[in-house]
Amino acid sequence: MNLWSVVLRSLQYHLRSHLVVAAGVAVATAVLTGALLVGDTVRHSLTALTQERLGKIDRVLLSEYFFRDSRVERLRQAFPNAQDGVVPAVLVPQASISVSGKRRRTGRVTVIGCDAAFWRLRAEGTPAPRRLPDIDEIVLNRELADALAVSVGDRVTLRLPGTETIPSDLPFGEKEDLVTSLPELEVIEILPDRGLARFEVFPSQRPPRNAFVSAEAIREVLEQEDRWNALFLAQSVQSSADDDVSLLRVMRWELDDVGVEVRRVRLDDPAKSGPGGEAVYDYHALWSDRLFVPEEIDRAVQRVFDGQAQPVLTYLANSIEKQDASSNQGRPVPYSLVTAVEVGRAFPLRDLKEREIEPIADNEIILTSWLAEELQARKGDRIRMTYFDPESPSGKLEERDAVFVVAAVTPLAAPAQPYFPDRKLVFRDRPTLANDPFLTPPVRGFTDQDSINEWDVPFPVDYDRVTPKDEAYWKEYATTPKAFISLRRGRSLWASRLGKTTSWRIESQSATTPEAVARVLEKEIDWQAVGVVIHPLRQRQMGASKGTTPFGVLFLSLSMFVIVAALMLVALLFRLAMLQRSRQMGICMAVGFRRRRLLQWFLREELFVAIDGGVVGVLAGIAYARLMVWLLTTVWVGAITVPFLRFHASGMSLTAGLVAGVLVCGLTLLGTVRGALKLPPLELLRGRLEWAGGRPVRRWLWWSLIGGSGLGAVALAMVAAQSGGMIQAGSFVGAGFLLLTAALGSLWLWLHGRPFRVDPLLGESPLWRWAVRSLTRHPRRSMLTVGLMGASSFLIVALGAFQMQPTEQGTGGFEWIGESAVPIYADWRAEIEPLFVRRVGFPGPQVYSFR
């Protein structure tokens with residue numbers, strides 16, 4: 001009879017004990033395989049969800065400004081074979097909808113103004129509207145319809161956030177009346193939350209609340225006829241990420257698309273008018289409808305017109321007054337425009353004696369003759385200026401002040417006729433360089449008003465402070481500045497996150513026409529830095545759905561405690577089986593069997609057991625994963641917000657689960673067999689798996705372990721009590737682990753101690769005394785029993801309590817993709833968040849959460 005025959009006969013004879021060990025192997029393999037399959041399911045479900053949500057969309061162009069139809073046509077002409085893959089739309093996030101005649105309203109709505117071309121981008125088999133909405137109709141997705149509790153035929157009012165040019169946290173930004181409405185829209189269809197009905201720029205597990213309206217209707221109410229702010233590019237438009245700049249160049253973006261204007265500004269000397277007349281100033285003015293010129297355009301102007309362009313920053317001072325208390329104190333002058341510019345060769349202001357004014361220091365100011373007369377100020381006087389802080393994130397305007405010393409007074413020529421209402425500069429005497437109302441950029445509701453009393457500005461104006469002289473200055477000089485300070489000081493006071501320049505003075509000799517200036521600049525501008533971004537939507541969302549960490553490994557990490565408990569269970573069960581066969585091993589060794597031969601015998605037996613248990617464990621793992629998916633999509637649906645999971649099993653995960661389970665359990669069994677075969681035959685014949693004459697217990701080592709673990713547990717508990725977040729959670733877990741180590745060490749040391757009297761503790765009961773003495777006399781067997789019971793209990797509790805404890809939100813759970821998905825979106829957020837949070841209003845990227 002060879003060894004394999006002995007192995008088969010032994011398997012048959014010890015079938016019961018082998019079945020128990022195989023059951024333990026099956027449990028460990030089931031946990032391993034189940035974790036891998038759940039990871040496969042999540043990855044496959046997220047990938048399928050992303051592909052369905054995007055359809056044929058590959059990239060999306062998102063603009064901070066509304067661009068013209070001509071940009072779309074140019075791109076279509078560049079890709080004649082993929083014209084259907086270039087689809088413009090209007091995206092308006094953070095809208096709200098209310099039900100007409102009822103007190104039901106919801107926010108966080110993304111409105112998509114589109115036509116039939118948008119729906120041709122959907123994935124095959126996903127829903128689309130049976131007909132497109134008219135100007136007084138709307139289509140909702142199921143998530144939004146359920147939130148409003150509406151059905152087909154109901155009427156809703158759509159409220160859109162305003163597309164203000166100047167942000168509301170700037171003094172000239174609108175604070176109120178920023179909402180436009182599309183009232184009484186009839187709901188003609190409700191789409192299920194699939195396909196493009198679930199489209200969103202920043203993906204999340206929760207279905208977005210999407211509303212689809214006529215592009216014509218939304219562009220009309222936003223006053224953006226023939227303009228769009230989004231452009232979807234399908235996969236048929238062949239262009240790699242490196243060619244995004246080329247795509248923007250193909251579209252030939254212009255300064256007008258981002259609200260920037262170039263205008264020729266010239267003022268002739270009336271005494272030398274006519275052909276060849278002398279100009280007081282002649283330049284091209286560049287300014288933005290957002291008050292501040294974008295910094296990327298600032299850099300482009302500096303690169304192209306180096307030495308031929310001068311930055312200007314003009315701001316409104318609430319009050320300018322002379323700070324010196326003297327008898328010739330003038331009146332405080334309200335609401336004066338002050339320009340920050342580098343006085344010198346490019347801007348040669350002159351004083352009252354026609355001498356050129358030297359460049360001024362940061363604490364100095366140049367007054368116009370009109371303002372100096374009103375203030376009764378002269379060179380050397382101290383001037384106090386008050387103004388609104390250019391940044392007010394809280395929404396409350398805060399007034400600041402600054403003190404300057406008068407460096408000079410520059411003359412200001414009186415006009416021959418008022419500037420308003422004809423808006424013409426007419427002089428009898430020679431005007432000066434300071435007679436320039438175009439140093440102030442145009443601001444609607446402010447620079448176009450004929451009177452101060454007609455200002456339509458969002459900040460408070462104290463009209464009681466405005467005198468007839470102030471009104472006369474506005475009518476005659478309009479936006480002509482009353483004072484000048486250094487550019488560096490002006491930027492330190494008035495620069496904002498939108499920019500640090502309100503206009504540029506570009507010498508007219510550098511280009512013949514404003515159009516020529518604009519064309520040269522447009523070739524040098526990085527349009528993505530201005531606010532026109534081609535976002536690789538599919539690449540980013542598919543990458544985020546896969547995660548930077550494999551989901552299988554992630555779930556293995558989460559299941560590690562359960563896996564360790566299962567391996568402990570396998571080891572303990574096998575050790576119990578070996579206890580029953582210890583005498584057999586002792587007899588074999590006594591009659592001459594070599595330990596190596598016995599090791600081969602038992603390992604071949606356990607190899608059969610491990611493989612059989614692993615196969616059963618793989619099947620159990622499939623059932624376990626299916627059970628988890630079913631629970632997460634039915635009973636525990638609140639844990640993942642929406643039931644998007646669909647079970648998926650890959651052959652690699654099944655193979656990996658089987659191999660890992662058999663290998664890990666096999667190594668555990670190998671360690672147990674080798675430990676048993678090292679014992680003397682006499683000890684095995686006595687039915688023991690440990691040597692009574694083994695190493696003595698080193699009590700000092702155990703006391704060090706117990707003491708160190710106890711002190712570490714106390715220290716970590718104190719750290720956890722004074723911290724929060726992940727540090728607190730990790731400290732509490734570590735403290736529990738060290739406390740458990742100290743408790744087990746104390747139990748082990750007690751069981752290995754000398755017999756002691758138990759009468760004071762247990763009274764006269766002989767049965768209890770017998771039990772305690774038995775524990776102390778057989779410490780290894782006692783610890784084996786305690787470990788088996790503990791591992792079994794932990795395994796049962798872990799499998800039954802897979803759902804986590806409630807979180808602060810009340811739904812319960814833990815973030816499981818957070819650490820893998822957030823790095824994917826980190827670059828995206830840095831690239832695109834300033835655009836959408838500042839201007840368009842999209843929320844930041846949201847992380848998938850498993851609760």
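Model, not experiment: these values are computed from the prediction.

*Asks:* Would you mind showing me how to read the pairing of strand β5 (residues 155-161) here?
*Replies:* Two faces, one strand: in a regular strand the side chains alternate between the faces of the sheet. Sheet topology note: the strand β2 (residues 86-99)/β5 ladder contains 4 bridges and is antiparallel. Pairing of Ser98 across the sheet is with Thr157, part of β5. Bridge count for β5 against strand β6 (residues 179-191) is 6 bridges, and the pairing is antiparallel. Note that in β6 the partner of Leu158 across the bridge is Leu182.

*Asks:* Even after reading the chapter, I still don't get the packing of aromatic side chains, so can you show me in this structure?
*Replies:* Where two aromatic rings form a pair, the distance of their centres and the angle of their planes describe that pair. A complete count under the given rule lists 20 aromatic pairs for this structure. Ring geometry for Tyr315 against Tyr387: centres 6.4 Å apart, planes inclined by 85°, an arrangement best described as edge-to-face. Placement of the pair is Tyr315 in strand β11 (residues 309-322) and Tyr387 in strand β14 (residues 382-388), with a sequence separation of 72 residues. Residue classification places Tyr387 among the buried positions, given a relative accessible area of 5%. Linked through ring pairs, Tyr335, Tyr419, Phe420, Phe446, Trp455 and Trp474 together constitute an aromatic cluster.

*Asks:* Would you mind showing me how to read the environment of Ile452 here?
*Replies:* Note that Ile452 resides in the loop between β15 (399-410) and α10 (468-477). Through-space distance from the C-alpha of Ile452 to that of Glu471 is 6.3 Å; in sequence the pair is 19 residues apart. Apart from residues lying up to four places away in sequence, Ile452 is in contact with Tyr463, Val466, Asp470, Glu471 and Trp474.

*Asks:* Sorry if this is basic, but what is going on with unusual backbone geometry here?
*Replies:* Both trends apply: most residues other than glycine have a negative phi, and most peptide bonds are in trans. At the junction of Phe420 and Pro421, the peptide bond is cis and its omega measures out at 5° in the coordinates. Tracing the sequence through the fold places Pro421 in the loop between β15 and α10. Its identity as a non-glycine residue notwithstanding, Arg108 has a phi of 60°, on the positive side. By the element assignment, Arg108 lies in strand β3 (residues 105-114). Assessed through its relative accessible area of 34%, Arg108 is described here as partly exposed. Not every positive phi belongs to a glycine, and Arg423 is a case in point at roughly 60°. By the element assignment, Arg423 lies in the loop between β15 and α10. Judged by relative accessible area, which is 36%, Arg423 ranks as partly exposed.

*Asks:* Help me out: how do you make sense of the side chain of Ser709 in this one?
*Replies:* With respect to the secondary-structure elements, Ser709 resides in helix α21 (residues 699-721). Non-local contacts of Ser709, meaning those with residues more than four positions away in its chain, are made with Leu738, Thr741 and Ala742.

*Asks:* How should empty space enclosed by the protein be read in this particular structure?
*Replies:* Any empty space left between the atoms is revealed when a probe the size of a water molecule rolls over them. The full count for this structure, using the stated rule, is 9 cavities of 30 Å³ or more. If you add up the space inside the second largest cavity, you get close to 60 Å³. Forming the boundary of the second largest cavity are Tyr335, Ser336, Leu337, Ile452, Trp455, Asp470, Tyr473, Trp474, Ala478, Thr480 and Lys482. The set of elements that each furnish at least two residues to the lining of the second largest cavity consists of β12 (333-340) and α10.

*Asks:* Where do I start with the environment of Ser214 in this structure?
*Replies:* Note that Ser214 resides in strand β7 (residues 209-214). Along the chain, Ser214 and Asp115 lie 99 residues apart, while their C-alpha atoms are 6.8 Å from each other. For Ser214, the residues in contact, after removing those within four places along its chain, are Cys114, Pro133, Asp134 and Ile135. Separated by 3.3 Å, the side chain of Ser214 and the backbone nitrogen of Glu216 make a polar contact.

*Asks:* Sorry if this is basic, but what is going on with the nonpolar core here?
*Replies:* Within soluble globular proteins, side chains that are nonpolar generally end up buried alongside one another. Membership of the largest hydrophobic core comes to 73 residues, with the highest contact counts inside it found for Leu349, Ile365, Leu367 and Trp494. Beyond its immediate chain neighbours, meaning those up to four positions away, Leu367 contacts Ala372, Leu375, Ala377, Ile383, Val406, Ala408, Val409, Thr410, Lys482 and Ala483. Counting 61 residues, the second-largest nonpolar core is a separate cluster that includes Ile97, Leu255, Phe305 and Ile534.

*Asks:* What is the right way to read the packing of helix α2 (residues 15-54) against helix α19 (residues 651-677) from this model?
*Replies:* To describe two helices that pack against each other, one gives the angle between their axes and the distance between the axes. Packing of α2 against α19 brings their axes to within 8 Å, and their N-to-C directions diverge by 145°. Relative to α19, the crossing made by α2 is right-handed. Together, Val21, Val25, Ala28, Thr29, Leu32, Thr33, Leu36, Leu37 and Asp40 of α2 and Ser653, Leu654, Ala656, Gly657, Leu658, Ala660, Gly661, Val662, Cys665 and Leu669 of α19 make up the contact between the two elements. Among the residues forming the contact of α2 with α19, the class breakdown is 13 nonpolar, 5 polar and 1 charged.

What counts and what doesn't
- Within each chain, residue numbers correspond to sequence positions counted from 1 in written order.
- In keeping with the model being predicted, local features are shown solely for residues with a pLDDT of at least 70 and side-chain atom pairs are shown and tallied solely at 80 or more, while totals for entire chains, interfaces and linings include all residues.
- Side-chain numbers here rest on the full set of heavy atoms in the structure, without hydrogens or water.
- We call two strands paired when DSSP finds no fewer than two bridges between them.
- Only DSSP runs of H or I reaching four residues or more are called helices, and only runs of E reaching two or more are called strands; each is numbered from the N terminus.
- Put simply, two rings from Phe, Tyr or Trp (the six-membered ring, in Trp's case) pair if the centres are within 6.5 Å, and we call them stacked under 30 degrees between planes, edge-to-face over 60, tilted for the rest.
- Three exposure classes are used, based on accessible area relative to the maximum for each residue type with a 1.4 Å probe and protein chains only: buried under 20%, partly exposed in between, and exposed over 50%.
- Should any heavy atoms of two residues lie within 4.5 Å, those residues are considered in contact.
- Cavities and pockets were defined on a 1 Å grid built from protein atoms only: a cavity is a group of points that admits a 1.4 Å probe but offers it no way out, a pocket is an open group of points flanked by protein on both sides within 12 Å along at least five of seven lines, and a lining residue is one with an atom within 4 Å of any such point.
- Grid points are joined across faces, edges and corners, and a volume is the space filled by probe spheres set on the points.
- Between N or O atoms, a polar contact is any pair within 3.5 Å; within protein, one atom must be a potential hydrogen donor and the other a potential acceptor, and residues adjacent in sequence are included only when both atoms are from side chains.
- By nonpolar core is meant a set of buried Ala, Val, Leu, Ile, Met, Phe, Trp, Tyr and Cys residues that side-chain atoms within 4.5 Å join together.
- In this description, a line fitted to the C-alpha atoms serves as the axis of each element, helices being fitted only across the stretch in contact, and the angle between N-to-C directions of two axes falls anywhere from 0 to 180 degrees.
- Each crossing gets its hand from how the near helix is turned against the far one by less than a right angle, where anticlockwise is left-handed and clockwise is right-handed.
- Residues were grouped as follows: Ala, Val, Leu, Ile, Met, Phe, Trp, Tyr, Cys and Pro as nonpolar; Asp, Glu, Lys and Arg as charged; and all remaining residues, including Gly, as polar.

Keep in mind that these numbers describe shape and distance, not what the molecule does.
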